[in-house]
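Read off the chains here:
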Amino acid sequence: MSESGILKRSTILIHGSIGMPLAIIGYPLVVYLPPFYAQEVGLNMALMALVLVFARITDVITDPLIGTLSDRWQTRLGRRKPWLVMGVPLMLIGTIMIFMPPDGVGIGHLLFWTVLMYLGWTMVTLPYGAWGAELSSLYHQRSRVVASREGYVLIGLFLAALAPAIVQALGARYQAGQTDGFLMESAVWLFGKDGQLGIGYGPILAVMAWLMIILLPLTVLLVVTRVKEAPSQSVQRTEWKKGLRVLKNNGPFKRMILMLLVVVTGESFRNALSVFFMQHVIQIQAQIGLMYLLYFGVGILGIPFWLLVGKRIGKHKAFCMALGISSASILGMFFLGAGQLLPFALLFCVKGFCFAAFQFLPLSMLADIVDLDTARSKEHRTGLFFAIGGMAQKMAMALGLGLSLGLLALVGFDAKAVEHSANQLLSLRILYILGPVLLYMSAFAIAWKYPLTAARQERINQWVVRRNARLSTTAS
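Structural notes, computed from the coordinates.

Conventions adopted
- Residues numbered from 1 in each chain as written.
- Predicted model: local features only at pLDDT ≥ 70, side-chain atom pairs only at ≥ 80, totals over all residues.
- Heavy atoms only, no water.
- Patch = residues over 30% accessible without salt bridge, like charges linked within 9 Å, V, L, I, M, F, W, Y side chains within 5 Å.
- Areas by Shrake-Rupley, 256 points an atom, 1.4 Å probe, with all protein chains shown as cover.
- Salt bridge = Lys/Arg side-chain N within 4 Å of Asp/Glu carboxyl O.
- Helix = DSSP H or I, 4+ residues; strand = E, 2+ residues; numbered from the N terminus.
- Buried < 20%, exposed > 50% of the residue type's maximum accessible area, 1.4 Å probe, protein only.
- Axes fitted to C-alpha atoms, helices over the stretch in contact; angles between N-to-C directions.
- Parallel < 35°, antiparallel > 145°, perpendicular 65-115°, else oblique.
- Contact = heavy atoms within 4.5 Å.
- Nonpolar A, V, L, I, M, F, W, Y, C, P; charged D, E, K, R; others polar.
- Expected span 1.5 Å × (residues − 1).
- Phe/Tyr/Trp six-rings, centres within 6.5 Å; stacked < 30°, edge-to-face > 60°.
- Left-handed = near helix turned anticlockwise from the far one by under 90°.
- Core = buried A, V, L, I, M, F, W, Y, C linked by side-chain atoms within 4.5 Å.

## Quick notes on a nonpolar patch on the surface
- The grouping of F305, I313, M321, I325 and V350 at the surface amounts to a nonpolar patch, some 360 Å² of accessible area in total.
- Mapped by element, the contributors of at least two residues to the nonpolar patch are α14 (288–313) and α15 (315–333).
- Inspection of the secondary structure puts M321 in helix α15.
- A relative accessible area of 34% places M321 in the partly exposed class.

Below, the structure written as structure tokens:
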């Protein structure tokens, strides 16, 4: 990292790599976990939604605490790195117990291990996000840092879609009697149950868990040993409760938090219903893994496009553009029926292309907001800002998940049933289409007048640099 804020490409690429395993666990929690526990484990869907929401609510306590501690706790390893090292074991054991549960588990098992996994998740993701925001003070360099991380996220999501497609294909061959061969025997041992390899959601979650076991420790070790932390620059310190008052005085931050709450709720709402919509409305079964493979593959291709658009018209307007295109693609799905696989795949890919913008643009904007707070408070509270932002995202994910599954249960939709009435299918269609679109358009209205542009951020950063220089001269 240079004093000018220009980062080496290798630094950006290495630092972003942790995004890959984080994505592998993140998306299945919303997409595959609900149908697995509802259809194969047999848990009540409304009760499961309540448990998953409660597990996320625990982040209200852990997020600001860990964010503030990672700002202040200076060790020989640095401020951010120790948290990543301590969080990895908690994430791994929680993931294994959630994704590969023993027979006969109940709602208590899901609650305990989900809370533990989320604690490890917070210990890794919050300091990691704050670390990335501190790597450079330059507006467009931050976009590169976040885009690198989210590029790895999309690669992780691509793997998370490729693995189910492969394991479902192997499961279909196994069910057809093709049980011999080293590959099949390995798949049965790693992803099967009771010596059998099925085509349900259990093998899909098992392969996700194995990917996490391999990739999370490797990428964390690589980043901790190869990337330097930015030095602590705090001039003064305040109590974390006082620090929370930034919500009251920082207009761009309040707008950003509201935008994150709305758009992430919409994404989580749609994601939780996607598998049910594909299964019962479009009547896709074995091709679900392929649909997500296309979705995330196109999303990876969208990263350079949204980086360029953000540079040309501003990050917030590029984000609004992605919201508009996403809403149009989802509305188009309202008119699709059973067997219309190709039209659904095309519209699903359009939404996937916009997914890249949803991933990295808001986080890059959040890094810019930290500069405004630094200019006003004379303190670097990056960890606290990312803690509040992360808490907002997690609460929104829980809200979207709980609302979608709760409303689906309310209309009488039974996830274990083979056939559903026309009214139930219509309710599923309406929830899947109109729910997220209304939320996306609300986020559009919030983001359109976002005030922290590239020109304003540059002026703020230059002012902070000049002030720090004066303070250094005075101190010497």
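More follows now that the structure is in view.
## Remarks on the pattern of salt bridges
- Counted according to the given criterion, the structure contains two salt bridges.
- The salt bridge involving R270 is made with E267; its shortest N-O contact spans 3.7 Å. Of this pair, R270 and E267 both sit in helix α13 (residues 251–280), three residues apart, roughly one helical turn.
- The exposure class of R270 is buried, given its relative accessible area of 1%.
- Owing to a relative accessible area of 9%, E267 belongs among the buried residues under this scheme.
- Across the salt bridge formed by E267 and K351, the nearest N and O atoms sit 3.0 Å from each other. Here the residue E267 occupies a position in helix α13, and K351 occupies one in helix α16 (residues 341–377), the gap between them amounting to 84 residues. Residue E267 shares its accessibility class with K351, and that shared class is buried.
- Because the salt bridges share partners, they merge into one network encompassing E267, R270 and K351.

## Quick look at the packing of helix α6 (residues 81–99) against helix α10 (residues 201–226)
- Running from N to C, α6 and α10 point in directions that differ by 175°, and their axes come no closer than 10 Å. In terms of their interaxial angle, α6 and α10 are classed as roughly antiparallel. Facing α6, whose interface residues are K81, L84, V85, V88, M91, L92, T95, I96 and F99, α10 presents L205, A206, M208, A209, M212, I213, L216, P217, V220 and V224.
- Taken together, the residues that form the contact of α6 with α10 break down as 17 nonpolar, one polar and one charged.

## Things to note about helix α2 (residues 19–31)
- In this model α2 runs 18 Å from its N-terminal to its C-terminal C-alpha over 13 residues, within 8% of the 18 Å that 1.5 Å per residue would give.
- Within α2, 13 of the 13 residues are buried, leaving the element largely enclosed by the surrounding structure.

## Some remarks on helix α3 (residues 33–41)
- Within the sequence span of α3, burial applies to L33, P34, P35, F36, Y37 and A38.
- Where α3 terminates, the next one or two residues include G42, which has phi positive at roughly 95°.

## As for the packing of aromatic side chains
- The tally for this structure, following the rule as stated, stands at 23 aromatic pairs.
- Ring geometry for F319 against F358: centres 5.8 Å apart, planes inclined by 55°, an arrangement best described as tilted. Residue F319 is located in helix α15, and its partner F358 is located in helix α16; the two are separated by 39 residues in the primary sequence.
- When its relative accessible area of 0% is taken as the criterion, F319 is described as buried.

## A word on the environment of Y27
- Examined against the element boundaries, Y27 turns out to sit in helix α2.
- Residues Y27 and S268 lie 241 residues apart in sequence; the distance between their C-alpha atoms is 9.5 Å.
- Ignoring anything within four residues of it in the chain, the contact list for Y27 reads Y32, L157, R270, N271, Y292, Y295, F296 and F355.

## Considerations on the side chain of S274
- Summarising the element assignment, S274 is placed in helix α13.
- When residues no more than four places from it in sequence are discounted, the contact partners of S274 are Y292 and Y432.

## A word on the packing of α14 against α15
- Close contact between α14 and α15 brings their axes to 7 Å; oriented N to C, the two are set at 130°. Classed by the angle they form, the pair α14 and α15 counts as oblique. The two elements α14 and α15 meet at a crossing, and its hand is right-handed. Side by side, α14 and α15 meet where F305, W306, V309, G310 and I313 of the first sit next to K315, K317, A318, M321, A322 and I325 of the second.
- Here the contact of α14 with α15 is built from residues that sort into eight nonpolar, one polar and two charged.

## Quick look at the nonpolar core
- By size, the foremost hydrophobic cluster in this structure holds 144 residues, and its most contacted members are Y32, Y292 and F344.
- Element by element, the count of residues in this core is highest for α13, at 15 residues.

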